[in-house]
Amino acid sequence: MNDIEADIDDYLARYAGTLTSYDAQAAADLWGSPGMILNDQQGAGVLESREATASGLARTAGRTSGGR
């Protein structure tokens, strides 16, 4: 595995960890700004800040995880 592959694997492992632990702020911290979010209810949307991204992820997690 080369350095780029290792960096990508590391990023994806960290991102997966934030999603499985429902840590919206940590997940948003891994995104650039502006960010884009997709969901089944509203389709796609642009979020102008990491705070907005974290809020959107938290709302989505609340709907899909029984409010965790």
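Attention in this report is confined to the structure presented alongside it. Source: prediction; values computed, not measured.

As enumerated under the stated definition, the model contains two aromatic pairs in all. When the ring of Tyr11 is compared with that of Tyr15, the centres are 6.1 Å apart and the planes differ by 10°; the resulting orientation is stacked. A residue pair is termed a helical-turn pair when its members lie 3 or 4 positions apart in one helix, as Tyr11 and Tyr15 do in helix α1 (residues 3–20) at four residues. Ring centres of Tyr15 and Trp31 lie 6.4 Å apart, and the angle between their planes is 50°; on these two criteria the pair is classed as tilted. Of this pair, Tyr15 sits in helix α1 while Trp31 sits in the loop between α2 (24–29) and β1 (35–39); the two residues are 16 residues apart in sequence, bridging distant segments of the chain.

Before going further, it helps to examine the pairing of strand β2 (residues 43–47). With five bridges connecting them, β1 and β2 associate as antiparallel partners. Among the inter-strand pairings, Leu38 is bridged to a residue of β2, identified as Ala44. Between the end of β1 and the start of β2, which pair antiparallel, lie three residues.

In this model α1 runs 26 Å from its N-terminal to its C-terminal C-alpha over 18 residues, within 8% of the 26 Å that 1.5 Å per residue would give. Capping of α1 at its N-terminal end is provided by Asn2; its side-chain oxygen lies 3.0 Å from the backbone amide nitrogen of Ile4. Just beyond α1, the residue with positive phi is Tyr22, at close to 55°.

Attention now moves to unusual backbone geometry. Cis rather than trans, the peptide bond between Ser33 and Pro34 has omega equal to -5°. Here Pro34 shows up in the loop between α2 and β1.

Definitions and limits used
- Residues numbered from 1 in each chain as written.
- Predicted model: local features only at pLDDT ≥ 70, side-chain atom pairs only at ≥ 80, totals over all residues.
- Heavy atoms only, no water.
- Phe/Tyr/Trp six-rings, centres within 6.5 Å; stacked < 30°, edge-to-face > 60°.
- Helix = DSSP H or I, 4+ residues; strand = E, 2+ residues; numbered from the N terminus.
- Pairing = 2+ DSSP bridges.
- Expected span 1.5 Å × (residues − 1).
- Polar contact = N/O pair within 3.5 Å; in protein donor to acceptor, adjacent residues only side chain to side chain.

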